[in-house]
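# Fold and contact review
Now for the letters of each chain:
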Amino acid sequence: MRARSATTALVLAGGLALSACSSSDDTSASPAPAPSSAAVPSAAATSTVGAPSSTPSATTPAPPPVTTGSTSATPVKPAASGCAPTGGGAPATSSTREVIDVDGDGRRDTGWLDRGTTLGITTASGATFSLPVDLAGGGSRSALVADPDGRGSTIAALVSDGRTVELFVVRNCGLFPAHNAQGETYRFDLGLRGNGTGVGCSQVQGSSGRTLVGLNQRLDDSGQSVDVTRTQVLIEGTSARNGASDTVAALPGSGAADTASGVTCGDLSMATDGIRERG
């Protein structure tokens, strides 16, 4: 029976979608016979905003100034006690949610979305940093703050409007867009181009550990899940690029199938742990 790609879930702009792992994610699934090239779109070097590229940037771009409350400030490297207090905290008009520890002081922090156009984090130590979110979709915004490798070496923030997901990183007490090789924000579509279906965190076969991954679920003609292709998204500073990929079986009812069309990472998911825009 001829297989086709799902077109109703997350896809990566320019050719890759992301969905993640949970405690029952796709990392334990056995390899499927389908070759990885069957479900992994090629990276497109286009002018499309956020189109990923398989070619890494020559250098990591220097982080720009970070909006801190109503002012701008240069990021300051966190100490053992966390980021230095700065900024005025989350605006009264924002929606807030407790998130993971982003500054390494062992205390959970607070993520927030203000009017769907600003993403921010206020740490337990009293630091506030934020940046604008420019998503064209008409759906309400949501954001998930996650630890892709499970070791805290990189903190990612995934922001969605129901059609698109943008990737941001927390670095040195600042919040920045993750840029592809073209210098554009690394962006994922949610089914608009049919190239991917979810965002997640898994260990791709042959790699050294868990990373952020793009998932592309393949369905048969009856709409049943067949397999899912996982492609690494490697974050280096404030840059992101595609890495290795593999294809694993994702039969209906399996963990791989269940997480292939969502935004998750480890035990966290956008559905249950995401920050949601008011309204």
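The rules behind each value
- Residues numbered from 1 in each chain as written.
- Predicted model: local features only at pLDDT ≥ 70, side-chain atom pairs only at ≥ 80, totals over all residues.
- Heavy atoms only, no water.
- pLDDT = per-residue confidence, 0-100.
- Contact = heavy atoms within 4.5 Å.
- Salt bridge = Lys/Arg side-chain N within 4 Å of Asp/Glu carboxyl O.
- Helix = DSSP H or I, 4+ residues; strand = E, 2+ residues; numbered from the N terminus.
- Buried < 20%, exposed > 50% of the residue type's maximum accessible area, 1.4 Å probe, protein only.
- Polar contact = N/O pair within 3.5 Å; in protein donor to acceptor, adjacent residues only side chain to side chain.
- Core = buried A, V, L, I, M, F, W, Y, C linked by side-chain atoms within 4.5 Å.

Further remarks concern the confidence of the model for the protein. Reading fine detail from the predicted coordinates is not recommended where pLDDT is low. With 70% of its residues at a pLDDT of at least 70, the protein reaches an overall mean of 77. Note that residues 1–76 has pLDDT below 50 and, in this model, 261 contacts with residues that lie over four places away or in other chains.

What follows deals with the pattern of salt bridges. Going through the model one piece at a time under the given rule, you end up with eight salt bridges. One salt bridge connects Asp246 with Arg230, and the closest N-O pair in it is separated by 2.6 Å. Taken as a pair, Asp246 in strand E17 (residues 239–249) and Arg230 in strand E16 (residues 225–236) lie far apart in primary sequence, 16 residues in all. Per residue, the accessibility class of Asp246 equals that of Arg230, and both read buried. Glu236 serves as the salt-bridge partner of Arg241, at 3.0 Å between the closest nitrogen and oxygen.

A word on unusual backbone geometry. Positive phi outside glycine occurs at Asn172, with the angle close to 50°. Secondary-structure assignment places Asn172 in the loop between strand E11 (164–171) and strand E12 (174–177). If you check the backbone angles, Cys173 has positive phi at about 60° while not being a glycine. With relative accessibility at 13%, the residue Cys173 sits in the buried group.

Moving on to the side chain of Asp220. Relative to the elements of secondary structure, Asp220 occurs in strand E15 (residues 211–220). Reaching out from Asp220, the side chain makes a polar contact with the side chain of Ser222 at a distance of 2.7 Å.

For the rest of this paragraph, the subject is the environment of Ser254. Within the secondary structure, Ser254 is located in the loop between E17 and helix H1 (255–259). With a relative accessible area of 23%, Ser254 lands in the partly exposed category. Each C-alpha atom of the pair Ser254 and Ser225 lies 9.3 Å from the other, and the pair is 29 residues apart in sequence. In this structure the side chain of Ser254 is engaged in a polar contact, spanning 2.7 Å, whose partner is the backbone oxygen of Leu251.

So, about the nonpolar core. A general tendency of soluble globular proteins is for nonpolar side chains to be buried together. Counting 22 residues, the largest nonpolar core has Val102, Leu119 and Val145 as the members making the most contacts within it. If you list the elements that add at least two residues to this core, you get strand E7 (118–122), strand E8 (128–132), strand E9 (142–146), strand E10 (155–160) and E11. For this core, the element with the most residues is E10, which contributes three residues. Contacts of Val102, omitting those with residues within four sequence positions, involve Asp109, Ile121, Thr123, Phe129, Val145, Ile155 and Val170. One finds Leu144, Tyr186, Val199 and Cys265 within the second-largest nonpolar core, a separate group that totals 21 residues.

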